[in-house]
Amino acid sequence: MSKHPLATVPRSDFPHVLAIPTRWMDNDVYGHINNVHYYSFFDTAVNRFSIDRGVLDIHNDPVVGYVVDSGCSYFAPIAYPDVVHAAIRVSKLGTSSVRYEIALYRNDDALPAAAGHFVHVYVNRATSTPVPIPPAVREVLATILA
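Remember, predicted model here, so these are calculated numbers, not experimental data.

So, how was this worked out
- Residues numbered from 1 in each chain as written.
- Predicted model: local features only at pLDDT ≥ 70, side-chain atom pairs only at ≥ 80, totals over all residues.
- Heavy atoms only, no water.
- Helix = DSSP H or I, 4+ residues; strand = E, 2+ residues; numbered from the N terminus.
- Rg over C-alpha atoms; globule rule 2.2 N^0.38 Å.
- Buried < 20%, exposed > 50% of the residue type's maximum accessible area, 1.4 Å probe, protein only.
- Contact = heavy atoms within 4.5 Å.
- Areas by Shrake-Rupley, 256 points an atom, 1.4 Å probe, with all protein chains shown as cover.
- Lys, Arg positive; Asp, Glu negative; His and termini not counted.
- Charge placed at Lys NZ, Arg CZ, Asp CG, Glu CD.
- Pairing = 2+ DSSP bridges.
- Axes fitted to C-alpha atoms, helices over the stretch in contact; angles between N-to-C directions.
- Phe/Tyr/Trp six-rings, centres within 6.5 Å; stacked < 30°, edge-to-face > 60°.

> Pulling in residues and values, what's your account of the overall build of the protein chain?
Along the protein chain, the regular secondary structure elements total 2 helices and 5 strands. Sequence-ordered secondary structure for the protein chain, helices as α and strands as β, is β-α-β-β-β-β-α. Over its C-alpha atoms the protein chain spans a radius of gyration of 15 Å, differing by no more than 12% from the 15 Å that the globule rule assigns to 146 residues. Considering only C-alpha atoms, the protein chain reaches an extent of 45 × 30 × 25 Å along its principal axes. Per-residue burial over the protein chain gives 42% buried out of 146 residues. Long-range pairs, those at least 24 residues apart, make up 71% of the contacts in the protein chain between residues at least 6 apart in sequence. Accessible area of the protein chain: about 7700 Å², with a carbon and sulfur share of 56%. Charge separation in the protein chain, taken as the distance between the mean sites of 11 positive and 13 negative side-chain charges, equals 5 Å.

See below:
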């Protein structure tokens, strides 16, 4: 069994979960979802959360989050046509950065098939220089703070 701190965390420990259907093309030649897609699940869950809460306009916001660090540990395979349940929470909310913890649950499985982290640093879109997290974004992120 993995020593990853999220390997035995139930999805009920996460305040937000997004269901993401897998696609036929996600499977690799070994018959399971290729590892590169797990990062896409992370990205989709985190950004969809912000979009749905009204604090991310991907086309017009002058301040955006850039991914500066991410990681994933794998515990069990996922394969098409499974549904991935991407559970997210904020583990650290800094001045200009936020660290998410994400666990990916296969269908109704009790324990995650994979888990990891995703860090955004908020930057001025025009200059790519770090700026404080906007107040409205900070308020939304605080709702999923562990």
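> Now, about the sheet that holds strand β3 (residues 83-93): what can you tell me, with residues and values included?
Adjacent strands of a sheet pair through backbone hydrogen bonds, lying either parallel or antiparallel. With antiparallel pairing, 5 strands are arranged side by side in an open sheet as β1-β3-β4-β5-β2. Strand pairing shows two members of the sheet lacking a second neighbour, β1 (16-21) and β2 (63-74), which therefore form its edges. Mean inter-strand twist for the sheet, computed between neighbouring axes without regard to direction, equals 25°. Two strands pair when backbone bridges link them, and β3 and strand β4 (residues 97-106) are joined in this way by 9 bridges, in the antiparallel orientation. Bridging from a neighbouring strand, V84 pairs with R106 of β4. Of the strands in this sheet, β1, β2, β3, β4 and β5 (114-124) are in contact with helix α1 (residues 36-52), which crosses β5 at around 55°. Of the strands in this sheet, β3, β4 and β5 are in contact with helix α2 (residues 135-142), which crosses β3 at around 115°.

> Give me the packing of aromatic side chains: which residues, what numbers.
Describing an aromatic ring pair means giving the distance of the ring centres and the angle of the ring planes. One pass over the structure, following the stated rule, counts 5 aromatic pairs. An angle of 75° between the planes, with centres 6.5 Å apart, marks the rings of F14 and Y105 as edge-to-face. Pair noted here: F14 is in the segment before β1 and Y105 is in strand β4, with a separation of 91 residues, a long-range link. Note on accessibility: F14 and Y105 belong to one class, buried. On the basis of an interplanar angle of 65° and a centroid distance of 6.0 Å, the ring pair of Y38 and F41 is categorised as edge-to-face. Residue Y38 and its partner F41 are both found in helix α1; the two are separated by 3 residues, about one turn of the helix. With relative accessibility at 3%, the residue Y38 sits in the buried group. By relative accessible area, which is 5% here, F41 ends up buried. Here the aromatic cluster, defined as three or more aromatic residues joined through ring pairs, consists of Y38, F41 and Y74.

These figures capture arrangement, not role.
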